[in-house]
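For reference, the chains in residue letters:
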Amino acid sequence: MTSHTPADTFPRQYARTLRYTVGAPRSFSVAPDGSRVVFLRSLPQPSAGGTPIGSSRANLLWTLDTATAEERIAADPAVLLGGGEEDLSPAEKARRERSREGSAGIVGYALDAAGRLAAFALSGRLFTADLVTGATAELPAEGPLLDPRPSPDGAYVAYANTAGELRLTRADGSGDRALAEPEGPNVTWGQAEFIAQEEMSRDRGYWWSPQSDRLLVERADDTPVRRWWIADPANPQSEPAEVAYPAAGTADAEVGLWLLDLDGGRTEVVWDRAAFPYLARVHWSRGGVPLLLVQARDQRSQLILGLDVATGATEVLFEERDDTWLELFQGVPAWTPDGKLVRISDEGGVRALVIGDQAVTGDDLHLRSVVAVTADEVFFTASGGAAETDPEPGWIAVGRISHDGKRLGWEAANGRPFTSVTTAVHAAGITVRATAEPDLPGTLVQVARDLPEGVVVDDIATIASYADAPVITARPVFRFAGERRIPTAVLLPTGYDRERDGLLPVLMDPYGGPHGQRVVQAHNPHLNSQWFADQGFAVIVADGRGTPGRGPDWEKSIAFDFAGSTLDDQVDALQALAGEFPLDLGRVAIRGWSYGGYLAALAVLRRPDVFHAAVAGAPVTDWELYDTHYTERYLGHPAKRPEVYAANSLTGYAAGLERPLMIIHGLADDNVVAAHTLRLSSALLAAGRPHTVLPLSGVTHMTPQEEVAENLLLLQVDFVKRSLGM
């Protein structure tokens, strides 16, 4: 890690470093022969007067030789662009917003099957790098382009562009041509639609065949999707941006899939798109039948389909149903080399790994993803299943299990009992894992070789991180709180002495909703909370029902009830921890962003007896204004369950506001649009309830601007302190 500038304050450093991710290695791949690891990482910036000023946001493409542990720069954006600034298209900016990407330079790449040719986009232009010779080249392309990917044999590079085309160029720079062109202004080929990017964690829109002779390509038509217009009130001369936003209860984009031959042939992939409109996963492994995972709109049923590449016909290989909803997971469905289907299932209240017809893990584990499938084993990530057996919450580990389930091993992580694996990839007998620990800043990225006993102990190298060292140290204390054993982290002010300092005002700092685990065995994720604690608070982070990592029953208990169980668990965690920690229950505030913002506003509206002030950032206040795939999964269709939407939205509780409430919202947010805050503010005004609204001009859901992010922390502290009489 690089040292920090002496003048840095935590808010400034936290914002400048994108939460200490700038300079950290990321996006790992292992060559199929195990000879190299490929990754992205930015460089430290030149020092100013001998004082380090942190790392650049511009990522370079790197390789690590597994025989020598030598790192080498494979592609440098500054060299390739001749020192010029990046120029991002609106489509690329939107794609990065969907993926919460705040860095610059090379933010993604794809490899051929040999792991030798890398393709990537810079400023909407197409570049390649030969990872063996070190040669780089710019290829002619009709840009601005998105998501370039080499064919497995390395002869071609395919890419999508902002005109909606899917195009193909030879890797030698000749023969650029369109494989598919949009038939209308709202049609795109080869790009994941909004819902797939935002809610399904699918950012790809096309897939090469292993033989490099054809591609599976998504065709999306968002003509049916309702249009919204997002204006910039600070610049009234600017036209509003048009956004196709599929709000709950309204139409989604029409998504289909086609097989495109390199010679122009085209075959439509056929399945019951009316019953299963969501294309959630596509898997095409060497030697295997392509797999599709398609979901019903209500997400209570889904099909794993096998695809006949000769005809486009599909066959149902497995049908899954759940009375509540079905989750999506990374890495599945997939094939074992001998033709067994690999999936993750919630059957019997256990999130288990299933190979063929056999569940090979039990209720002691909670499966999170599949990392890789080898000839003999499956590598996966998991956390504790039965919480009663875990002494502390928040651990995530990489495991490996034989196809018959008779041999289970774990990746060694420095011999530490509690860690959080943030990233893992595996190929050719080599695992790359990024591991975080509560008492060590940042992540440790280790490259290790598999041993036959099932435990990885043979480290090849540690990939260096150039991330800044934080100016503060987080000291989370982990507990299971209350009868429901709610995972929590408690942070007290640095140097706190109970006899000297007495009881502390409390700041609850949750996300508290689906897909947002905050209580993890790591250091950096708790830095923000520690900074708030150092302002004189006891900070509590509580992962109540609905958050990941505790089993399907825990996650699904919030069905049709955001406003009940998620808020109840914040209250229960607070009251349970008061018996052990120095909490002044007469001075309790709550803050949060996105779902956490919803939860913070809900807390002061519904439970003013417990919560005395709230800061709600980018809150969802009316669930009919949020998107289909997320909202309907948890609350159902608004036309069928209008009472559920009324009970879980905030505007109906406006008259109950008795406590100070600050609402913060970026006016350029196209995920949780500013209308959420404006509707709640209007309802509060109509009820005669005073409140504070802080609009952020030009700011999206991520708030990437350094000055904005810094000052937001300072303004929140000031508001909470004044509200609690500190």
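This text follows the structure it describes.
Residues numbered from 1 in each chain as written. Predicted model: local features only at pLDDT ≥ 70, side-chain atom pairs only at ≥ 80, totals over all residues. Heavy atoms only, no water.

### Observations regarding the overall build of the protein
No. 1: Tallying secondary structure elements over the protein gives 13 helices and 44 strands in all.
No. 2: Relative to its length of 726 residues, the protein is compact, with a C-alpha radius of gyration of 25 Å against a globular reference of 27 Å.
No. 3: Based on the C-alpha atoms only, the size of the protein along its principal axes is roughly 70 × 55 × 55 Å.
No. 4: Considering only residue pairs separated by 6 or more positions, the protein has 62% of its internal contacts joining residues 24 or more positions apart. (Helix = DSSP H or I, 4+ residues; strand = E, 2+ residues; numbered from the N terminus. Rg over C-alpha atoms; globule rule 2.2 N^0.38 Å. Contact = heavy atoms within 4.5 Å.)

### Notes on the side chain of N528
No. 1: Inspection of the secondary structure puts N528 in helix 6 (residues 527-533).
No. 2: For N528, the contacting residues outside a window of four places in its chain are F10, Y14, R591 and L713.

### What to know about helix 9 (residues 595-606)
No. 1: Between its first and last C-alpha atoms helix 9 spans 16 Å; for 12 residues at 1.5 Å apiece the expected length is 16 Å, and the two agree.
No. 2: Of all 12 residues in helix 9, 11 are buried, a share of seventy percent or more.
No. 3: Listed in full, the buried residues belonging to helix 9 are Y595, G596, G597, Y598, L599, A600, A601, L602, A603, V604 and L605. (Expected span 1.5 Å × (residues − 1). Buried < 20%, exposed > 50% of the residue type's maximum accessible area, 1.4 Å probe, protein only.)

### Details of the pattern of salt bridges
No. 1: Following the criterion strictly, the structure yields 36 salt bridges and no others.
No. 2: A salt bridge links D501 to R500; the shortest N-O distance between them is 2.9 Å.
No. 3: Look at D501 and you get partly exposed, because its relative accessible area is 34%.
No. 4: Taking the shortest distance from any N to any O, the salt bridge between D569 and R545 comes out at 2.9 Å. Of this pair, D569 sits in helix 8 (residues 562-577) while R545 sits in the loop between strand 40 (538-542) and helix 7 (552-556), and the two are 24 residues apart along the sequence. Here the two residues D569 and R545 agree in accessibility, since each one is buried.
No. 5: One salt-bridge network, in which partners are shared between bridges, spans D322, D346, R351, E555 and K556. (Salt bridge = Lys/Arg side-chain N within 4 Å of Asp/Glu carboxyl O.)

### Points about the nonpolar core
No. 1: Counting residues in each nonpolar core, the largest one holds 76 residues, and the members touching the most others are I540, F562, F611, W623 and L661.
No. 2: Ranked by residue count, the leading element in this core is helix 9, at 9 residues.
No. 3: Apart from the residues within four sequence positions on either side, I540 is in contact with A489, V490, V506, L507, M508, D509, L574, L577 and L583.
No. 4: Core analysis: the next-biggest nonpolar cluster, separate from the first, contains 30 residues, V519, W531, A613 and L712 among them. (Core = buried A, V, L, I, M, F, W, Y, C linked by side-chain atoms within 4.5 Å.)

### Description of the sheet that holds strand 43 (residues 661-666)
No. 1: With mixed pairing, the 8 strands of this open sheet are ordered in space as 37-38-40-39-41-42-43-44. Because the sheet does not close on itself, it has two edges, and the strands there are strand 37 (477-481) and strand 44 (692-696). Within the sheet, the average angular offset between the axes of one strand and its neighbour, ignoring direction, is 20°.
No. 2: Together, strand 37, strand 38 (486-491), strand 39 (504-508), strand 40 and strand 41 (583-593) form the strand contacts of helix 8, whose direction differs from that of strand 38 by roughly 55°.
No. 3: The strands touched by helix 13 (residues 706-724) are strand 39, strand 41, strand 42 (613-617), strand 43 and strand 44; relative to strand 41, the strand with the most contacts, the crossing angle is about 150°. (Pairing = 2+ DSSP bridges. Axes fitted to C-alpha atoms, helices over the stretch in contact; angles between N-to-C directions.)

### Description of the packing of helix 8 against helix 9
No. 1: Their axes nearest at 10 Å, the elements helix 8 and helix 9 cross at an angle of 85°. Between helix 8 and helix 9, the angle is such that the two are roughly perpendicular. Residue-level contacts link F562, A563, T566, L567 and Q570 of helix 8 to Y595, Y598, L599, L602, A603 and R606 of helix 9.
No. 2: Residue composition of the contact of helix 8 with helix 9, by class: 8 nonpolar, 2 polar and 1 charged. (Parallel < 35°, antiparallel > 145°, perpendicular 65-115°, else oblique. Nonpolar A, V, L, I, M, F, W, Y, C, P; charged D, E, K, R; others polar.)

### Concerning the environment of T128
No. 1: Relative to the assigned elements, T128 resides in strand 8 (residues 125-130).
No. 2: Looking at T128, the relative accessible area reads 6%, which means it is buried.
No. 3: Remark: the alpha-carbon pair of T128 and A110, spanning 18 residues in sequence, is separated by 9.6 Å.
No. 4: Sequence-distant contacts of T128, defined by excluding residues within four places in its chain, comprise L117, A118, A119, F120, A135, T136, A137, L139 and V157.

### Considering the environment of I663
No. 1: Tracing the backbone shows I663 in strand 43.
No. 2: Separated by 47 residues in sequence, I663 and A616 have C-alpha atoms that sit 4.8 Å apart.
No. 3: Ignoring anything within four residues of it in the chain, the contact list for I663 reads A616, P619, T677, L680, L684, H691, T692, V693 and L694.

### Re the packing of aromatic side chains
No. 1: Inspection of the entire model under this criterion finds 24 aromatic pairs.
No. 2: On the basis of an interplanar angle of 45° and a centroid distance of 5.9 Å, the ring pair of Y511 and Y595 is categorised as tilted. One end of the pair, Y511, is in the loop between strand 39 and helix 6; the other, Y595, is in helix 9, and 84 residues separate them in sequence.
No. 3: Chaining the aromatic ring pairs together yields one cluster made of W325, Y511, F562, Y595, Y598, W623, Y626, Y630 and Y634.
No. 4: The ring of F480 has R485 lying over it, and the distance from NZ or CZ to the ring centre is 4.1 Å. (Phe/Tyr/Trp six-rings, centres within 6.5 Å; stacked < 30°, edge-to-face > 60°. Lys NZ or Arg CZ within 6 Å of the ring centre and 35° of its normal.)

Note that all results are geometric; they support no functional claim without further evidence.
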